[in-house]
Amino acid sequence: VNSGRNVVASDSDGRYRLEGGGNRALVWINVPGDCQPVGSFWRWADGAKGADFGLAKRAEPKDFCFVQITDAHLGRDDLLREFAGHLNQLDVPIAFVVNTGDLVGGVDVVAPDKAREQFDRYLSAAAAFTVPLWNLPGNHEHVATNVAGADKNHPHYGKGLYRQLLGPAYYAWDWGDVHFVALDGTSLPYQEKLGEEQLAWLRADLAFQPADKPLVLFCHQSLAALRDADELAGVLQGRRVLGAFCGHLHRTFSTELAGFPVY
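A quick note: this is a predicted structure, and the numbers were derived from the prediction, not measured.

S.K.: Go over the sheet that holds strand β6 (residues 96-99) with me, naming the residues and quoting the values.
M.R.: Read across the open sheet, the three strands follow the order β5-β6-β7; overall the sheet is parallel. A single partner strand is all that each edge strand has here, and the edge strands are β5 (66-69) and β7 (133-135). Pairwise comparison of adjacent strand axes, ignoring direction, gives a mean angle of 20° for this sheet. In the sheet, β6 pairs with β7 via three bridges, with the strands oriented parallel. In the strand pairing of β7, Asn99 is matched with Asn135.

Structure, rendered in structure tokens:
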């Protein structure tokens, strides 16, 4: 169970205690392998009462395929619905889809009170996928950050609306025998880096994983190009990283970080 700062394990009865940083905190679970969340894998908790999560058993074969999509910059929701329809009918079964950011047309150039409609359009279209969909934020998901004189105290400003509607900007889950990690490569004011808090969370998350467990990473920006790529490589040292999948640059290529491929 995570708060973005802390990671704790529940006891044998599923109970946990998580220290938060205020009266209201975003809390989420790492969905374990062979399970699916009942409802959402994240909650807003106020600290006055427990935040409960449900899990249901699901068979997950060790051999599986997933699909990465990225940089949809959604304008026409009918196109994403059409794509989802094709994917749902593929002869090869798809375990899940990961969208590595820039989900919406661009709320960074939109006033805080005008941004919700773009996210609503995306979420409505994304409901057409019949397999689990994992989302990551891109640089265009940060409300009004490129609007002169925008109200920075508005609850939707920056990452506020994304977190309200889509939950944590970084998190992890298991599928089969693989540990998947979604990272947020945007620091505000805009820099392409993870930042100390996210790196500390990743270090804590990986402490629960065996050193030889396969890892797959996702991030909107290329991990190799992040300002703190060296620090990330240090956190991953000794880990079995199969690769990382990114978007952002609107072209297909591969590079490398710390000996693993970045696609």
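Moving on from the coordinates now.
S.K.: A description of the packing of helix α1 (residues 77-88) against helix α2 (residues 116-126) should follow, citing residues and the corresponding values.
M.R.: Following both chains from N to C, one finds α1 and α2 inclined at 20°, their axes separated by 8 Å at the closest point. Accordingly, the angle class assigned to the pair α1 and α2 is roughly parallel. Remark: the crossing between α1 and α2 carries right-handed chirality. Note on element contacts: α2 touches α1 through Arg121, Tyr122, Ser124, Ala125 and Ala126, opposite Asp77, Leu80 and Arg81. Split into classes, the residues belonging to the contact of α1 with α2 amount to four nonpolar, one polar and three charged.

S.K.: How would you sum up the packing of aromatic side chains? Please name residues and give values.
M.R.: Taken as a whole and assessed by the stated rule, the structure comprises 24 aromatic pairs. A centroid spacing of 5.7 Å and a plane angle of 80° characterise the contact between Phe66 and Phe218, whose relative ring orientation is edge-to-face. In this pair, Phe66 is assigned in strand β5 and Phe218 in strand β12 (residues 214-219), connecting sequence segments 152 residues apart. For Phe66, a relative accessible area of 24% translates into the label partly exposed. One aromatic cluster in this structure is built from Phe41, Phe64, Phe66, Phe96, Trp134, Tyr171, Trp173, Trp175, Phe180, Phe218, Phe245 and Tyr263. Across the ring face of Trp44, the terminal group of Arg24 is positioned such that the distance to the ring centre comes to 4.1 Å. Between the NZ or CZ atom of Arg251 and the centre of the ring of Phe253, over which it lies, the distance is 4.5 Å.

What counts and what doesn't
- Sequence order sets the numbering: in each chain, residues are counted from 1 along the sequence as written.
- Restriction of local features to residues with pLDDT of at least 70 applies here, the model being predicted, together with a cutoff of 80 or more for giving and counting side-chain atom pairs; totals for whole chains, interfaces and linings are based on all residues.
- Side-chain figures throughout are based on the complete set of non-hydrogen atoms in the structure, without hydrogens or water.
- In this description, strands pair whenever DSSP reports at least two bridges between them.
- The way it works is that DSSP assigns letters per residue, a run of H or I at least four long becomes a helix, a run of E at least two long becomes a strand, and they are numbered from the N terminus.
- Comment: axis = line fitted to C-alpha atoms, over the contacting stretch for helices; angle = value between 0 and 180 degrees taken between N-to-C directions.
- Should an angle fall under 35 degrees it is called roughly parallel, over 145 degrees roughly antiparallel, and 65 to 115 degrees roughly perpendicular, with every other angle called oblique.
- For any pair of crossing helices, the crossing counts as left-handed if the nearer helix is rotated counterclockwise from the farther one by less than a right angle, and right-handed if it is rotated clockwise.
- Two residues form a contact once any of their heavy atoms are found within 4.5 Å.
- As a working rule, the residues Ala, Val, Leu, Ile, Met, Phe, Trp, Tyr, Cys and Pro are called nonpolar, Asp, Glu, Lys and Arg charged, and the rest polar, with Gly in that last group.
- Aromatic contacts are taken between Phe, Tyr and Trp rings whose centres are within 6.5 Å, Trp giving its six-membered ring; a plane angle under 30 degrees counts as stacked, one over 60 as edge-to-face, and the others as tilted.
- Think of it in three bands: with a 1.4 Å probe and only protein chains considered, a residue is buried below 20% of the maximum accessible area for its type, exposed above 50%, and partly exposed in between.
- The rule for a charge over a ring is simple: NZ of Lys or CZ of Arg within 6 Å of the ring centre, and within 35 degrees of the ring normal.

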